[in-house]
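Architecture and fold: a report
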Amino acid sequence: MSVITSSSFAKLLWPGLNSVYGKEYADYPVEWEQLFEKNTSDKAYEEDLGLSSFGLAVIKPEGSPISYDTERQGFTSRYNHVVYALGFIITRETVEDDQYDVVGKMKAQSLAFSMRQTKEIIAANVYNRAFNSSYVGGDSATLVASAGGGGSSTAPNVSGGTYTNGVATASDLSEAALEQACIDIASFTNDRGLKIAVRPRRLVIPKELMFEATRILKTEGQVYSADNTLNAIKTMGMIPEVVVNHYLTDTDAWFILTDVKNGLKYFERRGDEFGMDEDFDTENAKYKASARYSFGWTDRRAIYGSPGA
């Protein structure tokens, strides 16, 4: 157990200090909320259950009975809520002798900063592991299942057969890759192979791709072309929004979030809570923070991705 003593902040015990730095860095706005649907929970875990769909209607010959289809129970996605916590201890003497009244205050701010950063990293890891076969969903497939992904090449349908939600060949972010992604998304089908209306909603990229994404999506003409050709993606409004996430670790991976519901989810079992107490024997002040939540996904048709070439 590490305790903050007077020797840890000796300079703060003497008058005349001009400034204290190192704890006033700006933080990015909350970013995980743009990557997940937010939900609350009052249980130890949450489960989403998939169902198969009905197939196409069939010809009914005159005088023959109607053919009846059925639905079946699908794969289960479980969200196990995990507690994340951190704290610090300060001796009474440090608090008493602190000439600037900053040790406790700044450490509390630092604790809140740590809790915030932890949540951002846990959320982004769902994307960072999208092509990692060690991290799979309830159907034993990776978040992005595609031949060009490096994880699961396909994901199983409940009713049989498979589907994909990523590039056929690993591709860097480009105008051509995004056009193909929009075509692939428009080709999504449900569990029984019936076409569903799915549209791109948001491009999610690491900071390394923010300039390239701007060139691709904001220019009026076709990118890197001397021809007087329209930028079809921009003209058609195919990808309305771009989100830069600073916690994505793969510098050339990119994702498109679609308008499919029950996709990537966040469940908050307990929000951030901060507490303080004093140890009777040592008179040390103890500060703590904790939260309980989970991140995951249910329907991967809510996302399309590429790990980059």
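Residues numbered from 1 in each chain as written. Predicted model: local features only at pLDDT ≥ 70, side-chain atom pairs only at ≥ 80, totals over all residues. Heavy atoms only, no water.

1. Side note on the pairing of strand E13 (residues 303-306)
Moving residue by residue along a regular strand, the side chains alternate between the two faces of the sheet. By the alternation rule, side chains of E13 split into Ile-303 and Gly-305 and Tyr-304 and Ser-306, which are all buried. Sheet topology note: the strand E10 (residues 254-258)/E13 ladder contains four bridges and is antiparallel. Bridge assignment links Leu-257 to a residue of E13, and that residue is Ile-303. (Buried < 20%, exposed > 50% of the residue type's maximum accessible area, 1.4 Å probe, protein only. Helix = DSSP H or I, 4+ residues; strand = E, 2+ residues; numbered from the N terminus. Pairing = 2+ DSSP bridges.)

2. Overview of the confidence of the model for the protein
Summarising the model, the protein shows a mean pLDDT of 89, and 90% of its residues fall at 70 or more. Under a pLDDT of 50 for its full length, residues 9-21 has, in the predicted model, 25 contacts with residues more than four places off or in other chains. (pLDDT = per-residue confidence, 0-100. Contact = heavy atoms within 4.5 Å.)

3. Some details on helix H4 (residues 210-218)
Looking at H4, one finds that the buried residues are Glu-212, Ala-213, Ile-216 and Leu-217. Relative to the axis of H4, the buried residues are bounded by an arc of 115° and lie together on one face. Looking at H4, the residues exposed on the side facing more than 90 degrees away from the buried face are Phe-211 and Lys-218. On its buried face, H4 is in contact with helix H3 (175-186), strand E8 (200-206), helix H5 (232-236) and strand E9 (242-245). (Arc of directions from axis to C-beta.)

4. With respect to the environment of Lys-288
Position of Lys-288 relative to the elements: it lies in strand E12 (residues 285-297). C-alpha of Lys-288 to C-alpha of Ala-112: the two residues are 176 residues apart in sequence and 9.6 Å apart in space. Not counting the four nearest positions on each side in its chain, Lys-288 is found in contact with Leu-86, Gly-87, Leu-111, Glu-273, Phe-274 and Gly-275.

5. Digging into the sheet that holds E9
One key point about sheets: their strands pair by backbone hydrogen bonds, in either a parallel or an antiparallel sense. Reading across from one edge, E9-E8-E10-E13 is the order of the four strands in this open sheet, with mixed pairing throughout. Looking at which strands have only one partner, the edges of the open sheet turn out to be E9 and E13. Here the strands of the sheet are splayed against their neighbours by 20° on average, with no regard to which way each runs. On the sheet, H3 packs against E8, E10 and E13 and is oriented at approximately 35° with respect to E10. Lying over the sheet, H4 contacts E8 and E9, oriented at roughly 145° with respect to E8. (Axes fitted to C-alpha atoms, helices over the stretch in contact; angles between N-to-C directions.)

6. Digging into the side chain of Arg-301
Here Arg-301 shows up in the loop between E12 and E13. The contacts of Arg-301, once residues within four sequence positions are left out, are Asn-157, Tyr-163, Phe-188, Thr-189, Asn-190, Asp-191, Ile-196, Val-198, Thr-258 and Val-260.

7. Re H3
Taking 1.5 Å of rise per residue, 12 residues should cover 16 Å, and H3 covers 17 Å from first to last C-alpha, within 8% of that figure. Summarising the contacts, the buried residues of H3 are in contact with E8, H4, H5, E10 and E13. (Expected span 1.5 Å × (residues − 1).)

8. A look at the pattern of salt bridges
Per the counting criterion, the structure on display carries 15 salt bridges. Linking Glu-220 and Lys-234 is a salt bridge whose minimum nitrogen-to-oxygen distance equals 2.9 Å. Placement of the pair is Glu-220 in the loop between H4 and H5 and Lys-234 in helix H5, with a sequence separation of 14 residues. By relative accessible area, Glu-220 is classed as exposed at 54%. Ionic contacts of the salt-bridge type, sharing partners, join the residues Asp-42, Lys-43 and Glu-46 into one network. (Salt bridge = Lys/Arg side-chain N within 4 Å of Asp/Glu carboxyl O.)

9. Description of the nonpolar core
Membership of the largest hydrophobic core comes to 55 residues, with the highest contact counts inside it found for Tyr-127, Leu-178, Leu-203, Trp-254 and Leu-264. If one sorts the elements of this core by residue count, E12 sits on top with seven residues. (Core = buried A, V, L, I, M, F, W, Y, C linked by side-chain atoms within 4.5 Å.)

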